[in-house]
Structures are given as structure tokens and as C-alpha cells.
Amino acid sequence: MHGLLTDFYELTMAQGFFLSGKASSVAYFDMYFRDIPDKAGYAIMAGVEQLMEYLENLRFTDADIEFLRSKKMFCEEFLEYLRNFKFTCDVWAIPEGTPIFPNEPIVTVRGNLIEAQLIETMLLITINYQSLIATKASRIVRAANGRDVIEFGARRAQGTSAALHGARAAFIGGAAGTSCTLAEKEFSIPAMGTMGHSWVQSFDCEYEAFLQFAKLYPTNCTLLVDTYNVLKSGVPNAIRVFDEVLKPLGITTGGIRVDSGDIAYLSQKARKMLDAAGWHDIKIVASNSLDEYIIRDLLTQDAKVDIFGVGERLITSKSYPVFGGVYKLAATCENGEIIPKIKVSENPAKITTPYFKKVYRLFSNDDHMAIADVLTAYDEDIDESDEYEIFDPVHTWKRKKISNFVAKPLQTQIFKNGKKCYESPNIHEIQRYCKESLNQIWDEIKRFENPQEYYVDLSQRLWDIKYDLLSPD
């Protein structure tokens, strides 16, 4: 993996650490985010598999070293250090598909200060983008209310990596498939697609275009019916071709796709026409700049849509195109002692939570639903046999005692001493896990608008560490 895919300041700081005698200093960094996209109640973790690939293959080539030498800012001793660079840190991450919430560590890195700092940019690129798209996909899939959602965004993606990894993240969030062919080859995500308007336009008439396509692909026959007129020509020609080609073969399934116009009205009329002709199992696919809000409104209007193809507003998360994950120093280690570090700001949201931490999710034993997340010091255990008090870390008078619960650590170690120690589940297992995990989050938290806040609390010990650092001497 290209060592220069990093912000330049990470390299200047790395040389500074090297020349300041901090090359072997141990540091603890956390990645977390402050706000959920679309002001939603939850986000979805994604990108861990690609992060592991990056860390396993991080190197500086001879060409990289020569380029840095040309900058005339780096000494030969540091360049030689980079030439022999090897990642040796410990890394923990919340598994992909897990619902995640603001201000909790979703990735923690412990190890050599230079190494831990150098990976910041690529770590953020990988986790931020895929978590953004997985989160958006999850909302869109929930809006579809059991109907399939296909990710159609490759042509609108902001670059080739976004097209490929956006498809992966969308599948984690619940999409049934993708238009991106490479995503099936790389990740076993079903690649789906039929025809564009150019297919229909290239024939002398719509009927001939449909007829030829049905003969070529009788078991995968979805016809695009809005090139000229959905109800006057598109659907009648589709029915004619279904009768002439599919019926003699005993095929009763297929589809039509509507990509423009009043989808609610057109789908209702098309459904009546298909049913009247005996084609009850033909699916109606809708596309055209859809998102969770439009899909929700279409279904409220009783649209007869079976499958939604969602493109640009999914692959770019158009309504909220940035997942604001940050990577901050939380502690250092001196003579075996962990020293908490804090960033203070006049903006309270930007004050960090110091120390080496663990993240627990507390579940009720009565209904198995999530109660809250709790950050603790790394060596704290939560006693499940007794009452446990949780409290809002800002409005500390908001307190609640809970019992009959189980506390599950959220992070899992993925690298130990620079060696990968975790095998990522396959993409279908991650998608199932995501669905199951979301089912343990209350619907009030998953509302599209004005969701109930899910609490991320601090243990009393961790709260004391933080506010001791904030208190004046």
C-alpha cells in the first residue's frame, strides 16, 4: 500500500518525533465521530477489512523515498527509517455492521508514536467513507420496508474506489445487490442490471428492442418502459413481449423498470395492466434520484414498487456527504505508566476523552435490547451481578441504575504487534450481523426525523480522569 497516501503533516511530524528522540515512544490514538449523518440516531461501522489490508501492506518504496528526498525537508536518517518501515502497533476496532454512536472509540491504535500517527489519513479515508455509505444504505433499506434496494451508483460515484467500496458498504447496510460488476468479483455482492435507454433507442421501435432482449435473457428479463411513454407504449409492449417470449417457455417472472415521471401513479397503473394480463409475478422496479425520504413518501402514496434502484443519493450520501470521523491522541506511556492526554476547546464537542479505553454495550436480559454504551478505562470490568449506575457525562444529574443486564465489549483486536489477528467475516455474514444488531436498537432511536438520543456514557473512573484534566490546578 502506497506510503505516500497520507497528509504531508504526518510525515513532517514523524520526522520531528524521530529527531526529538520520540521514535520509540508509545501512544494511544482513538478514531471516533462527533455527529451522525442526516441527524440520524445511529451510524453503521464499515471499512475494517480494507483498513486491515492497508496496515498489512504499508510500505515506502524506493520511488517514495526519492520523492521525499527531492522535497529537501527530510534528513537521510529519517528517509532510511522510512525505507525500512514496518507496522508494529496493536489495533482494536468495532466490527463491521455494528451500529455505532458519537464520541465512542470505533478504532483504537496503540504503539510506536510515529507509526500510529502515519496511518491517520488512510484510516480515516477508509472508515469514514464506508461507514457513511453503510449508514445511508441502512436508512434507505429501512424506508423500503422489506422491498429490495439495489445500489445503482457506480456512474455517479466520486472515483473508482468509491464505486467499488461504496457498493461494499451499501451491501453491509442492507442493499440486495449492486450495478458494479467488479463488486461481485471482489466481494461476492450480486451484480444486477438490465438495459439503458440507449438499448431501446438503438432499435427501430420499442417493441423490437424488448423482443430482442427477452430472447437473449428470458430468465432475467426486466424491460425499461419509460423511453417513450410508460403507459401508452412501454407497458403494453412489455406485456406483448412477455406473452410472446416468456409464456411459451413457462417463465412467469421478470420485471419492468420506471426511471422517470410520477412513480407512484405510473406504478399503480402499470400494476393494474400487468395483473389484468395475468402477469402477477412481474416486478416493478423504480429508479431516478431516490433516497429514503422519497421512498417513504412513495410507499405512503401506495406506490406499487417491488424493487428500488438507488444511485447518486446513496453512493455520495448526497444529503450529508461527510462522515466526520477524527483521529486523536488519547494517551502516552512513560516507564510503563499510561499518561492521559486531552485536547481542550472552547467548543465543548471538540474536547476529547482521554486515556486508553474500552467500549461496552449494555443489553437488557429481559428483551435483549441495547440500553446504552459505556466507555471505561482499559482495565475496568463492569459487574453484571449488581446494580450499575449510568449517567450522562455532560448533564451528570441524569442518572439511572440498571440491573439484569449483560455488558459486551464492542471492540475486537485486529492487529497485535503489527500482525493481523482477526479474520473478517464474509460480506453476507456482515450484512446479517448488521441486520440482527439493528434489531437490538429501539425504533425510537432509528426514526428518520428527531430520533431519540442513544446514550454513550463514561464510567465514573473515566469521567474523573477527564475532569481532573479539565479542572484548574
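Everything discussed here concerns the structure shown above.
Below or above, wherever it landed, is the structure these notes cover. If you're wondering where the values come from, they're calculated on a predicted model, not measured in any experiment.

Conventions adopted
- Residues numbered from 1 in each chain as written.
- Predicted model: local features only at pLDDT ≥ 70, side-chain atom pairs only at ≥ 80, totals over all residues.
- Heavy atoms only, no water.
- Patch = residues over 30% accessible without salt bridge, like charges linked within 9 Å, V, L, I, M, F, W, Y side chains within 5 Å.
- Areas by Shrake-Rupley, 256 points an atom, 1.4 Å probe, with all protein chains shown as cover.
- Salt bridge = Lys/Arg side-chain N within 4 Å of Asp/Glu carboxyl O.
- Lys, Arg positive; Asp, Glu negative; His and termini not counted.
- Charge placed at Lys NZ, Arg CZ, Asp CG, Glu CD.
- Helix = DSSP H or I, 4+ residues; strand = E, 2+ residues; numbered from the N terminus.
- Axes fitted to C-alpha atoms, helices over the stretch in contact; angles between N-to-C directions.
- Parallel < 35°, antiparallel > 145°, perpendicular 65-115°, else oblique.
- Contact = heavy atoms within 4.5 Å.
- Nonpolar A, V, L, I, M, F, W, Y, C, P; charged D, E, K, R; others polar.
- Pairing = 2+ DSSP bridges.
- Left-handed = near helix turned anticlockwise from the far one by under 90°.
- Buried < 20%, exposed > 50% of the residue type's maximum accessible area, 1.4 Å probe, protein only.
- Polar contact = N/O pair within 3.5 Å; in protein donor to acceptor, adjacent residues only side chain to side chain.

**Quick look at a negative patch on the surface**
On the surface, a cluster of negative charge is contributed by D383, E384, D386 and E387. With respect to the element layout, D383 can be found in the loop between β15 (370-377) and β16 (388-391).

**A closer look at the packing of helix α7 (residues 160-172) against helix α15 (residues 427-438)**
Packing of α7 against α15 brings their axes to within 8 Å, and their N-to-C directions diverge by 45 degrees. By the angle between their axes, α7 is oblique relative to α15. Side by side, α7 and α15 meet where R168, F171 and I172 of the first sit next to I427, H428, I430, Q431 and C434 of the second. Classifying every residue of the contact of α7 with α15 gives five nonpolar, two polar and one charged.

**A short note on the sheet that holds strand β10 (residues 282-286)**
Across the sheet, which stays open at both edges, the six strands sit in the order β7-β6-β11-β10-β9-β8 with parallel pairing between neighbours. Two strands bound the open sheet, and with one partner strand each, they are β7 (177-178) and β8 (222-224). Set on the sheet, helix α11 (residues 230-246) makes contact with β8, β9 (254-258) and β10; between it and β9 the angle comes to about 165 degrees.

**Quick notes on the packing of helix α3 (residues 62-70) against helix α4 (residues 76-83)**
As a packed pair, α3 and α4 sit with axes 10 Å apart at the nearest point and diverge in direction by 160 degrees. Classified by the angle their axes make, α3 and α4 are roughly antiparallel. Handedness of the α3/α4 crossing: right-handed. Across the interface between the two elements, D62, I65, L68 and R69 from α3 touch E76, L79, L82 and R83 from α4. Taken together, the residues that form the contact of α3 with α4 break down as four nonpolar, no polar and four charged.

**A short note on the side chain of Q411**
Residue placement: Q411 occurs in the loop between β18 (405-409) and β19 (412-416). Take Q411: its relative accessible area is 16%, and that puts it in the buried class. At 3.1 Å, the side chain of Q411 forms a polar contact with the backbone oxygen of P105. Separated by 3.1 Å, the side chains of Q411 and T108 make a polar contact.

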